Amino acid sequence: MTPRDHVPLNSPVRSLFDDAGDGEVVVNLGPSHPATHGTIQVIACLDGERLTRADVHCGYLHRGFEKECESHTWHNLIPYVDRLNYCSAMINDFAYCAAVEALMDIEITPRCRDLRTLLSEYSRVADHLTCIAASLMELGAMTPFLYLVMVRDYIYEHMAQLTGARVTHSYGRIGGLARDLPDGWLSRLAEVLDEYEKFTARIHGLMDRNRIFIDRTRDVGVISAAEAIDLGFTGPILRSTGVPRDLRKDTPYLSYASLDFEVPVGINGDNYDRYYVRMREMDESVRMMRTLAPRLAEGPINVDDRRCTLPPKPLVYGEIESLINHFKLIIDGPRVPAGEVYVAHESPNGELGFFLVSDGTGTPYKVHCRAPSFVHMGGLHRLLEGYQLADVIPTFGSVNMIGGECDR
Amino acid sequence: MAATIPIRLDRASQPVAARGALEYLTTKKDELVGWARKFSLFPYPFVTACCAMEFMAVSSTPYDTDRFGAALPRFSPRQSDLLMVVGTVTHKQAPILLHVYEQMCEPKWVMAFGACATSGGFYQNYAAVAGIDRIIPVDVFIPGCPPRPETVIDGIMLLQEHIARSRHPIVNERF
Amino acid sequence: MDRIADRVREALTDRVASIESARDALVLRIAPTALVDIATRLRDDLAFDLLVDITAIDWIGQAPRFETVHQFYSTRYFDRVRVKARLPEQDPTIDSLVPLYGSARFMERECRDMYGIVFAGHPDPRPILLYEGFVGHPLRRDYPKDREQPLVRYRDRTP
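Nothing here was measured: the structure is a model prediction, and the numbers come from that model. (Residues numbered from 1 in each chain as written. Chains lettered and ligands numbered in written order. Predicted model: local features only at pLDDT ≥ 70, side-chain atom pairs only at ≥ 80, totals over all residues.)

1. Remarks on the overall build of chain A
Heads up, the condition is: Only DSSP runs of H or I covering at least 4 residues are called helices, and only runs of E covering at least 2 are called strands; the numbering of each starts at the N terminus. Two things to know: the radius of gyration comes from C-alpha atoms, and the globule rule equals 2.2 Å times the number of residues to the power 0.38. Comment: burial labels come from other C-beta atoms within 10 Å of the residue's own C-beta, placed from the backbone, where a count of 20 or more is buried, 12 or fewer is exposed, and between is partly exposed.
When its secondary structure is counted, chain A shows 16 helices and 8 strands. For chain A, whose C-alpha radius of gyration is 22 Å, the value lies close to the compact-globule estimate of 22 Å for 408 residues. Taken along its principal axes, the extent of the C-alpha atoms in chain A is 80 × 55 × 35 Å. For chain A, with 408 residues in total, the buried portion stands at 56%.

2. A few points about the interface of chain C and chain A
Selection rule: Each residue gets a C-beta atom placed from its backbone, and two residues are in contact if those atoms lie within 7 Å. Three classes are used: nonpolar for Ala, Val, Leu, Ile, Met, Phe, Trp, Tyr, Cys and Pro, charged for Asp, Glu, Lys and Arg, and polar for all others, with Gly counted as polar.
Contacts between the two partners involve 37 residues from chain C, matched on the other side by 43 residues from chain A. Contributions of two or more residues to the side of chain C that touches chain A are made by strand E3 (50-58), strand E4 (66-73) and helix H3 (104-115) of chain C. With 6 residues, E3 of chain C is the largest single contributor of residues to the side of chain C that touches chain A. In terms of residue class, the side of chain C that touches chain A is made up of 20 nonpolar, 6 polar and 11 charged.

3. With respect to the interface of chain C and chain B
Contact with chain C, which involves 13 residues of that partner, is made by 11 residues of chain B. Taken together, the residues of the side of chain C that touches chain B sort by class into 6 nonpolar, 1 polar and 6 charged.

4. A word on the confidence of the model for chain B
As a general rule, the predicted coordinates of low-pLDDT regions are not to be interpreted in detail. Residue and element names in this part refer to chain B. Where we set the bar: pLDDT is a residue-level measure of predictor confidence that goes from 0 to 100.
Confidence in the prediction for chain B averages 86 pLDDT; 89% of positions are at 70 or higher. Strand E4 (residues 140-142) holds the highest mean pLDDT among the elements of chain B, 95, whereas helix H1 (residues 16-38) holds the lowest, 82. Interface confidence in the predicted complex, given as ipTM, is 0.93; pTM for the same model is 0.92.

5. So, the sheet that holds strand E2 (residues 26-30) of chain C
Residues and elements named next belong to chain C. Note the cut-off: For two strands to pair, DSSP has to find at least two bridges joining them. Only the stretch in contact is used when fitting a helix axis, every axis being a line fitted to C-alpha atoms; angles between N-to-C directions are given from 0 to 180 degrees.
Reading across the sheet, the 5 strands line up as E1-E2-E5-E4-E3 and stay open at both edges, with mixed pairing between neighbours. Each edge of the open sheet is held by one strand with a lone partner, namely strand E1 (16-21) and E3. Strand-to-strand twist in this sheet, taken as the mean axis angle between neighbours without regard to direction, amounts to 20°.

6. A look at the nonpolar core
Definition in use: We call a set of buried Ala, Val, Leu, Ile, Met, Phe, Trp, Tyr and Cys residues a nonpolar core when their C-beta atoms link them within 7 Å.
In this structure, Ala99, Val100 and Leu148 of chain A together with Val85, Leu97, Met111 and Phe113 of chain B are the most contacted members of the largest nonpolar core, which totals 210 residues. The element contributing the most residues to this core is helix H4 (residues 110-138) of chain A, with 14 residues. Setting aside its immediate chain neighbours within four residues, Val100 of chain A contacts Trp74, Ile174, Val336 and Leu356 of chain A.

7. A short note on the sheet that holds strand E7 (residues 350-358) of chain A
Residues and elements named next belong to chain A. The antiparallel open sheet is built from 3 strands, whose spatial order is E6-E7-E8. Among the strands making up the open sheet, the edge pair consists of strand E6 (339-347) and strand E8 (366-370). Neighbour-to-neighbour, the strand axes of this sheet turn through a mean angle of 15°, independent of strand direction. One ladder, built from 5 bridges, connects E7 with E8; its direction is antiparallel. Of the residues in E8, the one forming a bridge with Gly353 is Arg370. Most of the contacts of helix H3 (residues 89-104) go to E6, to which it runs at about 150°, and overall it touches E6 and E7.

In structure tokens form, the structure reads like this:
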């Protein structure tokens, strides 16, 4: 198909309203905008400074993840899945691997379960740090951004020691993990968590009772609990309205049933509550990590199942069965029995689910990612309407839209 | 009576000494302007995807693009001169990228930050543009998925060398 | 899971073709015309107040070709229900759940973009992940993965 000539800017989408009422102005924010975290476009109808209607457009980062899934093996999808919620890549890995393991009826080893829990919480801290740093910077607070990104950088370097990559780790494997912890990793973890506490103490000191911050975020972007559930909000946004729903507590998975942690909830459902819920959630995550790190179960990290785990290299080079097994797993992919499954984990944004349909081969028939950010974008207009244009920035920052996950 | 012969001031007819002097002057002028421009880059971070994480990391401590003069982002294309395309550009986003590029004034440079901006990365399908150089000219490609901050800094330094070596016509196309 | 299975069974047997307990949810297979009724009863009587996901599966080669999948979650009982309906290829229409759940707006738009499922009564059927002028439905099995539909003319890259 021949590409069309350069078309005017607003052609990829059609606005819901292009006639403004009396005295109203239609303004376009995005999709290339510093505060829309990449690729969201908000077409706003303004009455003075107040938004009367907001039309949210996403899809500018739709990269065809689900179509790619249908032409790769189950193993090869792990890097794609990483890039959904790229701020907390490991949680995507583990949720996807858990879904495939559920379809294959595989029970992961205790050490793998503990490690996945520990690393999920570590990724949650990294994601919340990014969200809070970015939204504070957009309000003008440059110093907290630098502090929080400093801690996040320690986390990234630490993850790179384990997985080889700073951001998109591709660490989960079907039936286990890529490799075990290197020596000294846990002692460095204790150091990083100490640094985290030092820096977040400063953030609390700078922001919690800051007059400007409170004025900009208190009673802005308010949503009620009933409305939040109707619009499909989950995660910190739902918890900020006072509803204590958290998949880690309600339907425990991995090692969460054995961990003692609180689920912080807000009062008003406004931006300030979302900021504070995320700060408290990070504290709870750190608490969980400190509890779990000394008592990680011993043993292998990969389940001993030839259907998904690559055989050890000496066997691959030594005996023909292992060679063929390795070859089949790499070329054809692990054979997952026909069926479907939906597995949801509590990602930093809310319920992250994978709906997998298998036709019995090593390539998926369908992979669908239930992305919390996408559903939240559907409800974003309710958070924006009625507030001022300048309130779009803190509200949008507090929703933590991640483009890779929203548009897939 | 010897009439005055008008001397056309084009390069070929100039006396050799004068020609060399002009070239020396333009070379020095280019070096000066190149030095100034390479150390005062105002990036427009056209941020879309995961590479944004590394962009945030490279802009802040400890990697710090401010050492290179390239820290202050300008979110208006009219005020920026380096278009950093950070992340995948999809076909839906492509008109916006072209629009932003066209709104920037000369001199401008384009940096393809990451594998997706360079070649589409591993998204070879109906949705992603397989490299932004299909749409706009690119000066430096930074590989990586996402690139480490050191790779980004290496890319910025390559771009700075390129700027330093380029010609910078200010008054007309020669000087 | 047995607790909700019994509750759902006694509340819904008349409108549901089959109910089975899968490993992660209760799966209801229904006729497309029964969707709004079932969803209303799930929400009001059985406390499934969160619409989690709407997607579809393209069973190319089979008739009916498409299968919509609606997933519900109860924030009170922490149970899940999956409601599936088969739609024919010539007329893949099913009722929209937007009057019941606000979250259905975006999810149904995505399903329509990707598969071409028409949600009757949806107030805003614009493309959401794709763009105006995109022809076809990419997640259908017969849409070639590499068929790009560029909006911007490619430039000449010869140096």
